[in-house]
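# Structure assessment
The lines below spell out each chain.
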There are 2 protein chains.
Amino acid sequence: MSDKGAFLLDGDKTETDLVRDASDIGAQYTLAVDAMGGDHAPDVVLAGLELAADRHPGARVLLIGDEAVLLSRLKQHPKVAAICDVRHAPTAVPMDMKPTAALRLRDSSLRMVMDAVANGEAQGVVSAGNSGAMLALAKIVIKTLPGIARPAMAAVNPSARGDVVMLDLGANLGCDARNLVEFAIMGEAFAKAVLGLPRPSIGLLNVGAEELKGDERLRQAADSLRDSVLSGQFHGFVEGHDITAGTTDVVVTDGFTGNIALKTGEGALKLSAQLLRRVFETSWLTKIGYLLVRPGLERMREWIDPRRYNGAMFVGLNGVVVKSHGGTDADGFASAVDVAMDMVTHHFNDSILERLAQMTAARVGDEAVVDAL
Amino acid sequence: MSDKGAFLLDGDKTETDLVRDASDIGAQYTLAVDAMGGDHAPDVVLAGLELAADRHPGARVLLIGDEAVLLSRLKQHPKVAAICDVRHAPTAVPMDMKPTAALRLRDSSLRMVMDAVANGEAQGVVSAGNSGAMLALAKIVIKTLPGIARPAMAAVNPSARGDVVMLDLGANLGCDARNLVEFAIMGEAFAKAVLGLPRPSIGLLNVGAEELKGDERLRQAADSLRDSVLSGQFHGFVEGHDITAGTTDVVVTDGFTGNIALKTGEGALKLSAQLLRRVFETSWLTKIGYLLVRPGLERMREWIDPRRYNGAMFVGLNGVVVKSHGGTDADGFASAVDVAMDMVTHHFNDSILERLAQMTAARVGDEAVVDAL
């Protein structure tokens, strides 16, 4: 990923400075991987794990799915075979199954990866399966982290200044001020663990940057963040164009707005790519032009490629839960495994719990002051 | 605008097919123009009117601002001088003035253009001035169209299939189902009048396309549209990426979501343009590549240029109100004048009133059926 630094438009943020905890290198962590989730399972899952295996020497994989199929395919994936245990799951959750139906399927591969985290066999889950079912199962089986009211869905977006974490992206359509503050805490922890930023800045998405903009709920959340241990990192309100400008490292919003902003931004980048293709296809002269700039265009494509941090993370649960895109390829699935491993090895949830404790302590402190007056 | 057709990615929608009402050609309409609004007033206003004058032979302009300044500058703009009357306004609303303060300034150029519409001297207003003040003054002076609960802000966005009207973009942060239905009516009228589409399709922005997605308010608005005279044109829910895909001609949403979607999309296009510039600037080879594709890139830039339909329209008022971007150039200001003239000559407000009457009639009809049972 380091050569993508060439695209940084402002120099003050890099991706390579990961704050890795040296004591964890060599420690053994287990990811429970749903071998049957996604449009091209289990092939893409196995090929993705094969790519990821080299990058995580301390990792074990609990591979859950159709045992007969997996054991036969593992012969072509020796690196995966070397680090994994296979567990049989009699059923799989189809991509279009309603979450309520998926919850009743107790022997699905998706259910069983969640069980493995709930009972401590694994620290994280990766699946390219049905998102709605995944969130519902994660909430019921893995359960919400103590002190967090509602888990959220987070993802990483490209910006002119490096990567930006955005949440919630649709797990909670309506949110109150408390939810937004918790999303800020979880976004900060994610930016630390996965983007390696020591003090990520945080923005609250609104229709204007001025303090009086937006509704009561947003102003309350901003007030709470300004008064909190995160005050030094809280930038205030940001607007839609700040997401791709990279004004802050974390952008916090409710699930309705976040989902629409994410898809609108992706759609606009896609439009731009489509129009550009037209430009290059106009004549033989423009085709020569394309050949001259192709290497740069390839780098640009990678820079804005959603597969870099593939999929979405469900944050605020008692374990790491990473959802890979359903239609991803092996590279994309390997990226999802990287994200899950980063979250596990950097103790993503401990960062959240620490922040929550600091906030509670500050609140108790405030009350003590009030009592003493 | 016709050569932009080359960028249409799907063939089924063109911009050129304007449904002009032949009886109106030659009729005289008056636009009240705020000469003092915008970052470069009055120069850009006068230069923009000079460009627009040729395109609207039947138009008169009531130019309101500092009379001494305007009369001296008009010597350089003979075409504007030929079609305009100058009216003196002793004050102007600064770009950063709060709407409440602007409302108290009764002799500002912005106030006086609104007065001209309210008293019937003009059919429409164009200003590049302070948006918040403009909306507040328009609501109080021009007043809301009968049958419309709340005026909205609309704009035209580029898509792969042609132009897309989106509203509301921030006039109303929170909206109920009735507001959303009225926005659909106003968006349809706008797409007819300005984009020249005889039967524009309408989408309601949501987090998924399925009927059960989103909140109660969205489902109610969708039900009302499905049961209305617009049912044949109502596509159902659309998602963020549908805006730039051009899935529907009109995208309806609340002002909070619309404002964020608009700015997120613009930001993503800007990111793409910035990265592309980097690609072309890499070496002398890529610079040659740039020269080979420059004509196509220029067309692409025009296609996604917000100046094409510059600024935003405040719709749902007793007159046409067009807000040009504050920092626009003469071309941009001329485009804003074009939009205002299109709305006036195509009887934009009459289309809205007609739809409202059809809906009321249908409702009365339904009640008559219920009474008869």
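Residues numbered from 1 in each chain as written. Chains lettered and ligands numbered in written order. Predicted model: local features only at pLDDT ≥ 70, side-chain atom pairs only at ≥ 80, totals over all residues. Heavy atoms only, no water.

Under an unreviewed UniProt entry, the name given to chain A is Phosphate acyltransferase, and the organism recorded is Tanticharoenia sakaeratensis NBRC 103193. As recorded by UniProt, the Subcellular location (unreviewed entry) comment attached to chain A reads in full: "Cytoplasm". In UniProt, chain A has this text filed under Catalytic activity (unreviewed entry): "a fatty acyl-[ACP] + phosphate = an acyl phosphate + holo-[ACP]". (UniProt positions renumbered as here; feature names shortened; annotations may be inferred.)

Moving on: the interface of chain B and chain A. Residue-level contacts link 51 residues of chain B with 51 residues of chain A. Taken together, both faces of the contact between chain B and chain A bury some 4400 Å²; the carbon and sulfur share is 78%. With its nearest N and O atoms 2.3 Å apart, the salt bridge here joins B:Lys263 to A:Glu239. Put simply, chain B and chain A have eleven residue pairs in polar contact (both at pLDDT 80 or more) between them. At the level of elements, β5 (152-159), α8 (216-226), α9 (240-245), α10 (255-280) and α11 (284-303) of chain B are the ones that each hand at least two residues to the side of chain B that touches chain A. (Contact = heavy atoms within 4.5 Å. Buried area = accessible area lost by both parts, 1.4 Å probe. Salt bridge = Lys/Arg side-chain N within 4 Å of Asp/Glu carboxyl O. Polar contact = N/O pair within 3.5 Å; in protein donor to acceptor, adjacent residues only side chain to side chain. Helix = DSSP H or I, 4+ residues; strand = E, 2+ residues; numbered from the N terminus.)

On to the confidence of the model for chain A. Residues and elements named next belong to chain A. Taken over all residues, the pLDDT of chain A has a mean of 88, while the share at 70 or more is 90%. Contacts for the low-pLDDT stretch residues 1-6, under 50 throughout, to residues beyond four places or in other chains number eleven contacts. This stretch, residues 10-23, has a pLDDT under 50; its non-local contacts, to residues over four places away or in other chains, come to 31 contacts. (pLDDT = per-residue confidence, 0-100.)

Let us look at the relation of the copies chain B and chain A. Under the fitted operation, chain B is carried onto chain A by 0.0 Å of movement along the axis and a turn of 180 degrees, and the coordinates agree to an RMSD of 0.1 Å. Taken together, the rotation angle and the small translation identify this as a two-fold axis. When each C-alpha of chain B is compared by its distance to the rotation axis, B:Gly289 comes out closest, at 1.9 Å. The share of interface residues of chain B whose copies in chain A are also at the interface is 100%, consistent with both copies meeting through the same surface. (Least-squares fit on C-alpha atoms with pLDDT ≥ 70 in both.)

Attention now moves to the packing of aromatic side chains. Residue and element names in this part refer to chain A. Tallying each qualifying case throughout the model produces four aromatic pairs over all chains. With centroids separated by 6.3 Å and ring planes inclined at 85 degrees, the aromatic side chains of Phe190 and Phe348 adopt a geometry described as edge-to-face. Residue Phe190 is found in helix α7 (residues 177-193), and its partner Phe348 is found in helix α13 (residues 348-372); the two are separated by 158 residues along the sequence. For the pair Phe190 and Phe348, a shared accessibility class is recorded, and that class is buried. (Phe/Tyr/Trp six-rings, centres within 6.5 Å; stacked < 30°, edge-to-face > 60°. Buried < 20%, exposed > 50% of the residue type's maximum accessible area, 1.4 Å probe, protein only.)

A separate point is the packing of helix α10 (residues 255-280) of chain A against α11(B). Contact pair α10(A) / α11(B): the axes reach a minimum separation of 9 Å and the direction vectors enclose 150 degrees. Taken together, the axis directions place α10(A) and α11(B) in an arrangement best described as roughly antiparallel. Where α10(A) crosses over α11(B), the handedness of that crossing is right-handed. Here α10(A) contributes A:Ser272, A:Leu275, A:Leu276, A:Val279 and A:Phe280 to the contact with α11(B), which in turn contributes B:Val293, B:Gly296, B:Leu297, B:Met300 and B:Trp303. (Axes fitted to C-alpha atoms, helices over the stretch in contact; angles between N-to-C directions. Parallel < 35°, antiparallel > 145°, perpendicular 65-115°, else oblique. Left-handed = near helix turned anticlockwise from the far one by under 90°.)

Attention now moves to the sheet that holds strand β1 (residues 29-34) of chain A. All names here are of chain A. On the basis of which strands lie adjacent, the open sheet formed by eleven strands has the order β3-β2-β1-β4-β11-β10-β5-β6-β9-β7-β8 and mixed pairing. Looking at strand neighbours, the two that pair on one side only are β3 (84-88) and β8 (234-238), the edges of this open sheet. The average angle at which neighbouring strand axes cross in this sheet is 25 degrees, direction not considered. Helix α1 (residues 43-53) contacts β1 and β2 (59-65) of the sheet and is inclined by roughly 175 degrees relative to β2. On the sheet, helix α12 (residues 330-345) packs against β1, β2, β4 (124-127), β10 (312-315) and β11 (320-323) and is oriented at approximately 145 degrees with respect to β1. (Pairing = 2+ DSSP bridges.)

Another point: the sheet that holds strand β11 (residues 320-323) of chain B. Residues and elements named next belong to chain B. An order of β3-β2-β1-β4-β11-β10-β5-β6-β9-β7-β8 is seen for the eleven strands of this open sheet, with the pairing classed as mixed. The open sheet has two edge strands, β3 (84-88) and β8 (234-238), and neither has a second partner. Across the sheet, the mean angle separating the axes of adjacent strands is 25 degrees when strand polarity is ignored. Of the pairings in the sheet, the one linking strand β1 (residues 29-34) to strand β2 (residues 59-65) comprises six bridges and is parallel in character. Residue pairing for β2: Leu31 is matched across the bridge by Val61. Those strands touched by helix α1 (residues 43-53) are β1 and β2, and its axis lies near 175 degrees from that of β2. Here α8 sits on the sheet and contacts β7 (202-205) and β8; the angle it forms with β8, its principal contact strand, is near 165 degrees.

Here we come to unusual backbone geometry. Of note, the bond from B:Ala41 into B:Pro42 is cis; its omega dihedral lies within 30 degrees of zero at 0 degrees. Look at the link from B:Leu167 to B:Asp168: it is a cis peptide, with omega at 0 degrees. As for its position among the elements, B:Asp168 is in the loop between β6 (162-167) and α7 (177-193). Unlike most non-glycine residues, A:Lys143 shows phi in positive territory, near 75 degrees. Relative to the helices and strands, A:Lys143 is located in the loop between α6 (131-142) and β5 (152-159). A residue is classified by how much of its surface remains accessible, and A:Lys143, at 48% relative accessible area, is partly exposed.

Right, let's get into α1(A). Residues and elements named next belong to chain A. Of all eleven residues making up α1, eight are buried, and the element is well covered by its neighbours. For α1, the set of buried residues is Val44, Val45, Leu46, Gly48, Leu49, Glu50, Ala52 and Ala53. Check the buried side of α1 and you find it contacts β1, β2, α2 (67-73), α3 (78-83) and α12.

Once that is clear, we can look at the pattern of salt bridges. Residues and elements named next belong to chain A. Scanning the entire structure with this criterion turns up 30 salt bridges over all chains. One salt bridge in this structure joins Arg55 and Asp338, with 2.8 Å as the shortest N-O distance. You can see Arg55 sitting in the loop between α1 and β2 and its partner Asp338 sitting in helix α12, a full 283 residues away along the chain. Exposure remark for Asp338: the relative accessible area of 17% places this residue in the buried category. Of the charged contacts in the structure, one is a salt bridge between Arg60 and Asp85, with a shortest N-O distance of 3.5 Å. Here Asp85 lies in strand β3 and Arg60 lies in strand β2, a separation of 25 residues in the sequence.

As a further point, take a nonpolar patch on the surface. All names here are of chain A. Together, Trp284, Leu285 and Ile288 line one region of the surface with nonpolar side chains, adding up to about 320 Å² of accessible area. Relative to the elements of secondary structure, Trp284 occurs in helix α11 (residues 284-303). On the basis of relative accessibility, which here comes to 62%, the residue Trp284 falls in the exposed class. (Patch = residues over 30% accessible without salt bridge, like charges linked within 9 Å, V, L, I, M, F, W, Y side chains within 5 Å. Areas by Shrake-Rupley, 256 points an atom, 1.4 Å probe, with all protein chains shown as cover.)

In this section: the packing of α7(B) against α8(B). All names here are of chain B. Following both chains from N to C, one finds α7 and α8 inclined at 45 degrees, their axes separated by 8 Å at the closest point. By the criterion of interaxial angle, the relationship of α7 to α8 is oblique. Note that α7 runs across α8; the crossing there is right-handed. Residue-level inspection shows Ala177, Leu180, Val181 and Ala184 of α7 in contact with α8, the latter providing Arg217, Leu218, Gln220, Ala221, Ser224 and Leu225. Taken together, the residues of the contact of α7 with α8 break down into seven nonpolar, two polar and one charged. (Nonpolar A, V, L, I, M, F, W, Y, C, P; charged D, E, K, R; others polar.)

Residue and element names in this part refer to chain A. Tracing the chain through its elements places Lys192 in helix α7. On the basis of relative accessible area, Lys192 is assigned to the partly exposed category, the value being 25%. Taking the C-alpha atoms as reference points, Lys192 and Met343, separated by 151 residues in sequence, lie 9.3 Å from one another. For Lys192, the residues in contact, after removing those within four places along its chain, are Leu197, Pro198, Pro200 and Arg355.

Take the side chain of A:Ser324 next. Tracing the backbone through its elements, the reader meets A:Ser324 in the loop between β11 and α12. Setting aside anything within four residues of it in sequence, one finds A:Ser324 in contact with A:Ser127, A:Ala128, A:Asn310, A:Gly311, A:Phe333 and A:Ala336.

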